Structures are given as structure tokens and as C-alpha cells.
Amino acid sequence: MSELILHHYYFSPFSEKVRAMLGYAGLSWQSVEVREMPPRPLLAPLAGGYRKIPVAQIGADIFCDTRTIAREIARLSNKPELAMENCPEEVQAFIREVDLDVFLACIITAGNRTLLRKVLKESSLLDLCKLLWDRMRMGSKAKVKANGPGKMKRMVREHLDRLESMLANQPFLFGETPNAADFSAYHSLWFQRDLAEQPVVKGYPKVNAWMDRLQAFGQGNRTDISAEQALDIARNHSPRAVPDSDHDGGLIGQAVNIAPADYGREPVSGTLVASTPLEWVIVRDDATVGQVANHFPREGFALRP
Ligand SMILES: N[C@@H](CCC(=O)N[C@@H](CS)C(=O)NCC(=O)O)C(=O)O
């Protein structure tokens, strides 16, 4: 069993991205299911204010954002192609686009009765109202350019056209085997096709076959544990050693805030202990679990001394 713990919820596309990666990587992992919206009091000691999902944990190290999570999965499974930075620049540019603009277009245009029915099966009407309110508030504070619904529907169709042609002569988007791009493109379409059952995806046979191929890898070997067990694990570990690095020049050892730059921009405060070209690591002393380290990708995040 790898020591990786994933804090996630079923309806979260970015969680689905990681679950699918864990399947391709063939890893055993531990699962903690969290609510679809804050407050998440048993995750807060680990995430330290970071509100997005999923979050991964290895001992007392907490990985925020699927980019740092993918890096850990790549390392644990010896599948470097899962980490974006190991992919060619063309692939990285594709991932940047699909993980933000295409994701938002797919999520916002997916809403329909089927999706509502499925969400209501798992929660109450009151919780559904709270969820919609939470997402509206998150959207109103976001720093991403908003497109109208017509434009977003067009974006989804253009994206599907593009994938269909990329898959014309090969099983995966960039060749014979998957890389990080496949999982980034997959999760938003999973939300459209498998959750909302939107008819638009049906018209794309190669895209459907590719999604089925990714799903055939499974989701690895999952063991459910409780949030309290995850907290115990953090409490019984110390953060791992960090690389000797000071990419920002002189900030190591200083108190900093790190927050996503796009949406869900709640900051996490701590002492900067590593600053590499790819990531920032801060340590925090938490009253419940003791010292934990939070890892953030540089891309898509902002650091303030
Ligand atoms: N860039 C983030 C995006 C994560 C994200 O947007 N997650 C959504 C769920 S799929 C989220 O956190 N929504 C708000 C919430 O669940 O509280 C990543 O790659 O992990």
C-alpha cells in the first residue's frame, strides 16, 4: 500500500482526474471522503485554509492542487509522464487550457436535471441550495474571465472536435500511451458524459472510446479510512526533508501567504521552507496535528510575504 491518502468527493472532476491517474499508476491508496463544500473541520488542520478539492496527504505532507498530487503519483509509481513538467511544452500548453477554461466551460454548461437528481440522491435539498450558494459566492470572488453560456457551449463543442481529431489515428491524445494531458482532458468530460449524461459527448465516437479506455485502467486499490484516522497519521509523522532551495531569493524562513490565483483564493499562512522552480512548501504548526507541510505548485498560485 502506498502511503497516499486522497481527500476527495465523488462529484469532483479534479478528484476524478486523480482517481483515474491512480488507476493508470496501479497504486493502492487510502480514501477520505469530504463534503462538497466548506466547512470541512476535519480537513482544515491539514489543508490550513486551502479550500479546493482534492487534497492529498502523505504522512504530515499535504499536497494542494492536482499538479503537486500528480507529481507524487508519478514518483510513487515511476510513471513520470503523469507529471506535467515531464511532458513536452505543447502538452503543457494543452493542459493549462483544459484544466481551466475548458474545465469551467464543461462544468457550467453541464447543469441539468439529471445532474440535479444525482446530487439530490446523495444530499438534501437544503444542502443542494447551500452548495449552489457556495459556488455562486466562490464565482463572484474569482479572478478568471467569465464567458457567456453560448460561448461556453461552443467551447465545449470545439474542444470535443479537437479531441476527436487528435484521436483519429492513436489511442491517447498525444500517442500510444497516456500522459498528464489525457487525465486533464478526461475529468471535465466525465462530468459532462458520466454525471450529467449530456447528449453532446455522444456524437464523438473516438472521444467516447478514449474515455472508456482511460476508465478501463480502474481507480487503483482503494481503502476507505476516516478523517480522524488521517489526522492521526499526520500527528504521528513529521514533514519530510525539503530540497535546499531558494528560488525567490531570501524568502526562506519567512512568514508567507499562498493562495490560488484564479478561484477559491483563500490563503494558507506558514513559514516558507522550500522554493523550487516548480513548487513552494510551507510548514505550519497546527493545534490538532502538530507540524505539517503544505506543498503548492507555483503555477496558478500567488505568494505574498
Ligand atoms: N487547480 C485545482 C482545481 C481544483 C478544483 O477546482 N476543485 C473543485 C472541485 S472539482 C473545487 O475545489 N471546488 C470547490 C470545492 O469543492 O470546495 C487542482 O488542480 O486541484
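Residues numbered from 1 in each chain as written. Predicted model: local features only at pLDDT ≥ 70, side-chain atom pairs only at ≥ 80, totals over all residues.

A.B. asks: When you look at the nonpolar core in this model, what are you seeing that I'm missing?
C.D. replies: It is characteristic of soluble globular proteins that their nonpolar side chains tend to be buried jointly. One finds Met21, Val55, Ala70, Ile73 and Ala180 to be the most contacted residues of the largest nonpolar core, which totals 72 residues. Inspection of this core shows a minimum of three residues originating in each of domain 1 (5-80 + 222-304) and domain 2 (88-216). Beyond its immediate stretch of four places on either side in the chain, Met21 contacts Ala70, Ile73, Leu82 and Phe183. (Core = buried A, V, L, I, M, F, W, Y, C linked by C-beta atoms within 7 Å. Buried ≥ 20, exposed ≤ 12 C-beta atoms within 10 Å, placed from the backbone. Domains from an automatic or database assignment. Contact = placed C-beta atoms within 7 Å.)

A.B. asks: Honestly, the site of the ligand in this entry has me stumped. Any pointers?
C.D. replies: Near the ligand you find 13 residues, and of these Ser12, Phe14, Lys52, Ile53 and Thr66 are the closest. If you list the elements that add at least two residues to the shell around the ligand, you get helix H1 (13-25) and helix H3 (66-77). Considered class by class, the residues forming the shell around the ligand number four nonpolar, four polar and five charged. (Near = placed C-beta within 6 Å. Helix = DSSP H or I, 4+ residues; strand = E, 2+ residues; numbered from the N terminus. Nonpolar A, V, L, I, M, F, W, Y, C, P; charged D, E, K, R; others polar.)

A.B. asks: Would you explain the domain arrangement of the protein in this entry?
C.D. replies: Where the parts come together, the accessible area they lose is often given as the size of the interface. Here the protein is described as being made up of domain 1 (5-80 + 222-304) and domain 2 (88-216). Averaged C-alpha coordinates put domain 1 and domain 2 at centres separated by 23 Å. Listed per partner, the contact involves 16 residues of domain 1 and 24 residues of domain 2. Looking at the side of domain 1 that touches domain 2 residue by residue, the classes come out as ten nonpolar, one polar and five charged.

A.B. asks: Help me out: how do you make sense of H1 in this one?
C.D. replies: Since the α-helix advances by 3.6 residues per turn, residues separated by three or four positions end up pointing in the same direction. Taking 1.5 Å as the rise per residue, H1 with 13 residues should run 18 Å; its terminal C-alpha atoms sit 18 Å apart, in good agreement. Looking only at H1, the buried set comprises Pro13, Phe14, Ser15, Glu16, Lys17, Val18, Arg19, Ala20, Met21, Leu22, Tyr24 and Ala25. Lining the buried residues of H1 we find strand S1 (5-8), strand S2 (28-33), H3, helix H4 (89-110), helix H8 (180-195) and helix H9 (205-216). Taken from the residues just after H1, Gly26 is the one with a positive phi, measuring 65°. (Expected span 1.5 Å × (residues − 1).)

A.B. asks: Help me out: how do you make sense of the sheet that holds strand S5 (residues 221-224) in this one?
C.D. replies: Hydrogen bonding along the main chain pairs the strands of a sheet, whether they run parallel or antiparallel. A sheet is described by the order of its strands in space; here ten strands give the open sequence S5-S2-S1-S3-S4-S9-S8-S7-S6-S10, paired in mixed fashion. Each of the sheet's edge strands pairs with one partner strand only, and the pair in question is S5 and strand S10 (301-304). If you compare each strand with its neighbour and ignore which way they point, the axes differ by 35° on average. Direction of pairing for strand S8 (residues 279-286) relative to strand S9 (residues 290-297): antiparallel, over a ladder of eight bridges. Directly across from Trp280, in S9, lies its bridge partner Phe296. (Pairing = 2+ DSSP bridges. Axes fitted to C-alpha atoms, helices over the stretch in contact; angles between N-to-C directions.)

A.B. asks: Which parts of the structure should I look at to understand the environment of Leu82?
C.D. replies: Counting through the fold element by element, Leu82 comes out in the loop between H3 and H4. By the C-beta count within 10 Å, which is 27 here, Leu82 ends up buried. As for Leu82 and Asn112, which are separated by 30 residues in sequence, their C-alpha atoms are 32 Å apart. Among all residues touching Leu82, those that are not within four sequence positions of it are Met21, Ala25, Ala70, Ile73, Ala74 and Ala180.

A.B. asks: Explain the pairing of strand S3 (residues 55-58) here, please?
C.D. replies: On a regular strand, each side chain points to the face opposite its neighbour's, so the side chains alternate between the two faces of the sheet. Taking every second residue as pointing to the same face, both faces of S3 are buried, with Val55 and Gln57 on one and Ala56 and Ile58 on the other. Two elements, S1 and S3, share three bridges in a ladder whose sense is antiparallel. Considered in S3, the bridge of Leu6 is made with Ala56. Where S3 lies against strand S4 (residues 61-64), four bridges are found, and the strand directions are antiparallel. When the bridges of S4 are listed, Ala56 appears paired with Phe63. Turn length for the S3-S4 hairpin, with the two strands adjacent in sequence and antiparallel, is two residues, and the turn residue Gly59 shows positive phi of about 65°.

A.B. asks: Honestly, unusual backbone geometry in this entry has me stumped. Any pointers?
C.D. replies: Negative phi values dominate among residues other than glycine, just as trans dominates among peptide bonds. With omega at 5°, the peptide bond leading from Pro38 into Pro39 counts as cis. The peptide bond linking Ile53 to Pro54 adopts the cis configuration, its omega dihedral lying at 10°. Looking at where Pro54 falls in the secondary structure, it is placed in the loop between helix H2 (44-47) and S3. Positioned with a positive phi, Asn78 is a non-glycine residue whose angle comes to about 55°.

A.B. asks: Could you clarify how one ought to interpret the packing of H8 against H9 in this entry?
C.D. replies: Packed helix pairs are specified by the crossing angle of their axes together with the interaxial distance, meaning the distance between the axes. At their nearest, the axes of H8 and H9 sit 10 Å apart, and the two run at 105° to each other. Regarding the angle of H8 to H9, the classification is roughly perpendicular. Across the interface between the two elements, Asp182, Tyr186, Leu189 and Arg193 from H8 touch Val207, Met211 and Leu214 from H9. In terms of residue class, the contact of H8 with H9 is made up of five nonpolar, no polar and two charged. (Parallel < 35°, antiparallel > 145°, perpendicular 65-115°, else oblique.)

A.B. asks: Help me understand the packing of H1 against H8, please; the structure alone is not making it clear to me.
C.D. replies: The contact between H1 and H8 brings their axes to 8 Å, and the two run at 125°. Of the possible angle classes, the one that applies to H1 and H8 is oblique. For H1 against H8, the interelement crossing comes out right-handed. The residues of H8 that touch H1, namely those facing Pro13, Phe14, Glu16, Lys17, Ala20 and Met21, are Phe183, Ser184, Tyr186, His187, Ser188, Trp190 and Phe191. Here the residues of the contact of H1 with H8 sort into eight nonpolar, three polar and two charged. (Left-handed = near helix turned anticlockwise from the far one by under 90°.)

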